[in-house]
Amino acid sequence: MPLHIGAIDDDRSILYTLEAMASTEGWRMLTTSEPEECLRWVKLDEVDILLVDYHMPVMNGLHIIRKARELSAKLVLIALTVEDGEELASRLTLAGADDFISKPIRLADFTARIRLHEKLCAHREQLNWEERKKGVSKDTMRKVLEKLKEFPSPRDCDDVAAACGLAYVTAHRYLEYLADRGLIVRSAGVQDGRPGRPKTYYAISGPSALAEEKKENG
């Protein structure tokens, strides 16, 4: 399973550096300066490891780490900071962080820390019995979520299955699983205003999705 990393920092140059470093190792990297977008990744289970700048102007890194840990027990959280010391390490650990990387970030240190925690990701994933019992693959789940994001409005299972290259029953199982977890919204409507049995439509949860859902249902 390819490693998915997220990073939040208010310094765009640092995010560019992290993207370049991740690219050299073949890791997928999402970056942002917006706390809400970062926490949305966590809610949607889009990242395995989240790098959080300790000094953030709107919502400080400690708060982001705490909120991210509340959303996910299995996510690996790493703080990015120019500071060090036992007091800071204790605060980060109590908030839910697994580790920290010192700034300025060096490629050797970055790759070493990520490779170490890649093993922790795998271990926590093995302990995730709920998804394993239901036969849910994280890669497939992320593919379904990514395709739903690309659609401008809610889509039915046939559309999602075709876009993801999945069998209808497989796509339906993932869509229902995501809807039950509250990660996507489920709605009923009649396709193109034609008479017949209402179809079930799915979309990424959020204000824009709800607006599109109203349009779809007339």
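The structure contained in this document is the topic of the report that follows. The structure displayed is predicted, hence computed values, not measured ones.

Here we look at the packing of helix α3 (residues 61-71) against helix α4 (residues 86-95)
Their axes nearest at 8 Å, the elements α3 and α4 cross at an angle of 30°. Relative to α4, α3 is oriented roughly parallel. Counted together, L62, I65, R66 and R69 of α3 and R91, L92 and A95 of α4 form the full contact between these two elements. Split into classes, the residues belonging to the contact of α3 with α4 amount to four nonpolar, no polar and three charged.

Considering the packing of helix α7 (residues 138-150) against helix α9 (residues 168-180)
One way to put it is that α7 packs onto α9 with a least axis distance of 10 Å and a crossing angle of 80°. With respect to α9, the axis of α7 lies roughly perpendicular. On α9, the residues touching T140, M141, V144, L145 and L148 of α7 are Y174, L175, Y177 and L178. Residue classes in the contact of α7 with α9 are distributed as eight nonpolar, one polar and no charged.

Brief notes about the pattern of salt bridges
Applying the stated criterion across every chain, the model contains 16 salt bridges. Between D9 and K103 there is a salt bridge, with its nearest N and O atoms 2.8 Å apart. Of this pair, D9 sits in the loop between β1 (4-8) and α1 (12-25) while K103 sits in the loop between β5 (99-102) and α5 (107-126), and the two are 94 residues apart along the sequence. For D9, a relative accessible area of 1% puts it in the buried group. We note a salt bridge from R12 to E19, for which the minimum N-O separation is 3.0 Å. Classification of R12 by relative accessible area gives partly exposed; the value is 32%. One continuous salt-bridge network, built from bridges that share partners, spans D9, D53 and K103.

Overview of the state of the cysteines
Each disulfide consists of a covalent bond between the sulfur atoms of two cysteine residues. Summed over all chains, the structure comprises zero disulfides. As a non-bridged cysteine, C157 has C164 as the owner of its nearest cysteine sulfur, 9.5 Å distant. Owing to a relative accessible area of 6%, C164 belongs among the buried residues under this scheme.

Here we look at the packing of aromatic side chains
Pairs of aromatic rings are described using the distance from one ring centre to the other and the angle between the two planes. For the structure shown, the criterion picks out one aromatic pair. Ring geometry for W27 versus F110: centroids 6.1 Å apart, planes at 65°, classification edge-to-face. Of this pair, W27 sits in the loop between α1 and β2 (28-32) while F110 sits in helix α5, placing them 83 residues apart in sequence. Across this residue pair, the class does not change: W27 and F110 are buried. Its guanidinium or amino end placed over the ring of Y16, R12 lies 4.6 Å from that ring's centre, counting from NZ or CZ.

Some points on the pairing of strand β4 (residues 76-81)
For β4, the tally of buried residues reaches six of six residues, placing the bulk of the element in the interior. With five bridges connecting them, strand β3 (residues 49-53) and β4 associate as parallel partners. The partner of L51 across the bridge, within β4, is I78. Crossover β3 to β4 through α3 is right-handed.

What counts, and at which threshold
Residues numbered from 1 in each chain as written. Predicted model: local features only at pLDDT ≥ 70, side-chain atom pairs only at ≥ 80, totals over all residues. Heavy atoms only, no water. Axes fitted to C-alpha atoms, helices over the stretch in contact; angles between N-to-C directions. Helix = DSSP H or I, 4+ residues; strand = E, 2+ residues; numbered from the N terminus. Parallel < 35°, antiparallel > 145°, perpendicular 65-115°, else oblique. Contact = heavy atoms within 4.5 Å. Nonpolar A, V, L, I, M, F, W, Y, C, P; charged D, E, K, R; others polar. Salt bridge = Lys/Arg side-chain N within 4 Å of Asp/Glu carboxyl O. Buried < 20%, exposed > 50% of the residue type's maximum accessible area, 1.4 Å probe, protein only. Disulfide = S-S within 2.5 Å. Phe/Tyr/Trp six-rings, centres within 6.5 Å; stacked < 30°, edge-to-face > 60°. Lys NZ or Arg CZ within 6 Å of the ring centre and 35° of its normal. Pairing = 2+ DSSP bridges. Right-handed = clockwise from strand over helix to strand, strands pointing away.

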